[in-house]
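Spelled out, the chains give:
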Amino acid sequence: MSEQPPHDDRTDGDDEHFDRIIDAETERDPDLAVIEAGSRTLRAQAGPPQADVPARPEDPEVDRALREVETELSTRWGETKLEPSVSRIAALMDVLGEPQRSYPSIHITGTNGKTSTARMIEALLTAFDLRTGRYTSPHVQSITERISLDGAPISAERFIETYRDLKPYIEMVDSRQEYRLSFFEVLTGMAYAAFADAPADVAVVEVGMGGSWDATNVIDADVAVITPISLDHTDRLGNTPGEIAVEKSGIIKQDATVVLSQQPVDAAQVILKKAVERNATVAREGMEFGVVSRQVAVGGQLLTLRGLGGEYEEIFLPLHGAHQAHNAAVALAAVEAFFGVGSQRPEPLSGEVVRAAFAAVSSPGRLETVRKSPTVVVDAAHNPAGARVTAEAIGEAFDFSRLIGVVGVSEGKDARGLLEAFEPIMAEVVITQNTSHRAMDADALAALAVEVFGEDRVQVEPRLPEALEAAVTLAEEEGEFAGGGVLVTGSVITVGEARLLLGRKG
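Think of each chain on its own: its residues are numbered from 1, step by step along the sequence as written. Thresholds applied to this predicted model are a pLDDT of at least 70 for local features of residues and 80 or more for the giving and counting of side-chain atom pairs; totals over whole chains, interfaces and linings are not thresholded and use all residues. Computation of side-chain values covers all heavy atoms of the structure but excludes hydrogens and water.

## Some remarks on the nonpolar core
- In these notes, a set of buried Ala, Val, Leu, Ile, Met, Phe, Trp, Tyr and Cys residues joined through side-chain atoms within 4.5 Å is what counts as a nonpolar core. The buried label applies to any residue whose accessible area, calculated with a 1.4 Å probe on protein chains only, is under 20% of its type's maximum; exposed applies above 50%, and partly exposed to all values in between. Ranked by internal contacts, the top residues of the largest apolar core, which has 40 residues, are Leu73, Ile147, Phe159 and Phe195.
- Strands are runs of DSSP state E lasting at least 2 residues, helices are runs of H or I lasting at least 4, and numbering of each runs from the N terminus. When residues of this core are traced back to their parent elements, those giving at least two are helix 1 (60–74), helix 2 (87–95), strand 3 (147–149), helix 4 (156–176), helix 5 (183–197) and strand 5 (202–206).
- With ten residues, the single largest contributor to this core is helix 5.
- Non-local contacts of Phe195, meaning those with residues more than four positions away in its chain, are made with Tyr103, Gly133, Arg134, Tyr135, Ile147, Ser148, Leu149, Ala200 and Ala203.
- Val204, Ala283, Ala325 and Val330 belong to the second-largest nonpolar core, a separate cluster that totals 39 residues. Residue contacts are counted whenever heavy atoms from the two residues lie within 4.5 Å of one another.

## Remarks on the pattern of salt bridges
- Basic side-chain nitrogens of Lys or Arg form a salt bridge, by our definition, when they fall within 4 Å of a carboxyl oxygen of Asp or Glu. Scanning the model with the defined rule gives 25 salt bridges in all.
- The closest approach of N and O atoms between Asp150 and Arg131, which form a salt bridge, is 2.9 Å. In this pair, Asp150 is assigned in the loop between strand 3 and strand 4 (152–153) and Arg131 in the loop between helix 3 (114–127) and strand 2 (132–135), connecting sequence segments 19 residues apart.
- Judged by its relative accessible area of 39%, Asp150 falls in the partly exposed class.
- The salt bridge partner of Lys274 is Glu277, with a shortest N-O separation of 3.7 Å. Residue Lys274 and its partner Glu277 are located together in helix 8 (residues 265–277), separated by three residues, close to a single helical turn.
- Connected through salt bridges with shared partners, the residues Arg56, Asp63, Arg67 and Glu70 form a single ionic network.

## Some words on the sheet that holds strand 15 (residues 428–433)
- Strands sit in the order 12-13-17-14-15-16 across an open sheet of six strands; the sheet is mixed. The open sheet has two free edges, formed respectively by strand 12 (368–371) and strand 16 (458–463), since each of these has just one partner strand. For this sheet, the mean angle separating the axes of adjacent strands, direction not counted, is 25 degrees.
- Whether two strands pair depends on DSSP finding at least two bridges between them. As paired strands, strand 14 (residues 402–407) and strand 15 are joined by four bridges and run parallel to one another. Bridge pairing in strand 15 links Ile404 to Glu428. Here the axes come from fitting lines to C-alpha atoms, over the contacting stretch only for helices, and the angles between their N-to-C directions go from 0 to 180 degrees.

## Details of unusual backbone geometry
- For the bond running from Ala198 to Pro199, omega is -10 degrees, close enough to zero to count as cis.
- Here the residue pair Ser373 and Pro374 is connected by a cis peptide bond, since its omega of -5 degrees sits within 30 degrees of zero.
- Backbone geometry places Glu98, a non-glycine residue, at a positive phi of 55 degrees.
- Tracing the sequence through the fold places Glu98 in the loop between helix 2 and strand 1 (105–109).
- Even without being glycine, Asp129 reaches a positive phi, approximately 65 degrees.
- Assignment of secondary structure puts Asp129 in the loop between helix 3 and strand 2.

What follows is the structure, given as structure tokens:
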């Protein structure tokens, strides 16, 4: 089923107060997994590969070497095991000569929307002829996605070379610390070293979890971006948005500029207090910047954004959902702040360049169509807040007469809350699990699904290939032109594996 044509769906953000609570955007689930290419694909082929999600190296020797690095990294603490401290990464930066201080940076935290916002910031900076380094996590399909230069993931060869160059220093730090450097800490060190070696003009860095003790927080970013905060990782970060904001506001550095998306009131209060302590300047969505209007369009949406330097009209964003419009406003304000718009320079950025940058944005795994007839959409929503905005965006951007869900989540997530968010838009749901060791058991997830959807609307297929086949069959039951669709969601791992099974290898 094709996306809906443009229609008038304008919302006015001029009178919004910064303490208005909005639903949070979708982000990736911070699991560690190396997604292996599956040998089986569904009977219909997907569209052209996405260049920013690299496939396995074609050269067997390079692929072997990359697997060796992945294997070595997998022996370290994964991203779900943490010892809240930056002492180890600081020690690594010290022996490497502080590479993270050789370029300015924009640091991004929040619960949802970080990666999409980082990609938009990167696109804008690149359009203004700056050489960018981008560090995001986790990856959809290839570990090399996490470290990008000039808007594209570094090559497998460069990833391998960077790891091998740093390995003696990593082992040196390991020998001096109570705990070895973790998987995420090593990758963070690799990213900062790769950016310095490039050299990058500016780094766009997404936190892994939290902020104050996150491994990325050894940079002194000129601009701190905080996307919407909601409940996730409550066992480590806190049980309320305000408690979680305490950790996330830790990325705010002395005299920096804080670009703040609309937040729950308690989270906003914490962040603003930290900004005062750091003598930071704050730009708030809904006050200093925001979304003036948005109109749904084929392949995305048409926006008017109010930035720190004025309005930017006729911006086409090839991503779906109101949450992505808010991400765009935050990204634009962050880049304006980086260039000093609103402080050192009164004039806005070039509207022509801004429009070209946004038009080129992509965000794999976020309401991404990976197959037609029937349409299969993948989205890495992994918590209730992300699921709610995905459900809203699906209804806005697609005209499905019947939507079938394929859901596989990770242990420790609010699976019931996620299922409840999707229940109104899914006619039936196929429960499955991905190949990650952290995947929630399909039968356990199905028991929750039956409570939410009712037994007649739940099917269980523990293996993802069979789950996809079952969902496609259900979507086609009404006939070829009836408008059935499939949404694959619940975890970035589930989404990554589905992309491969559906033929989206790049």
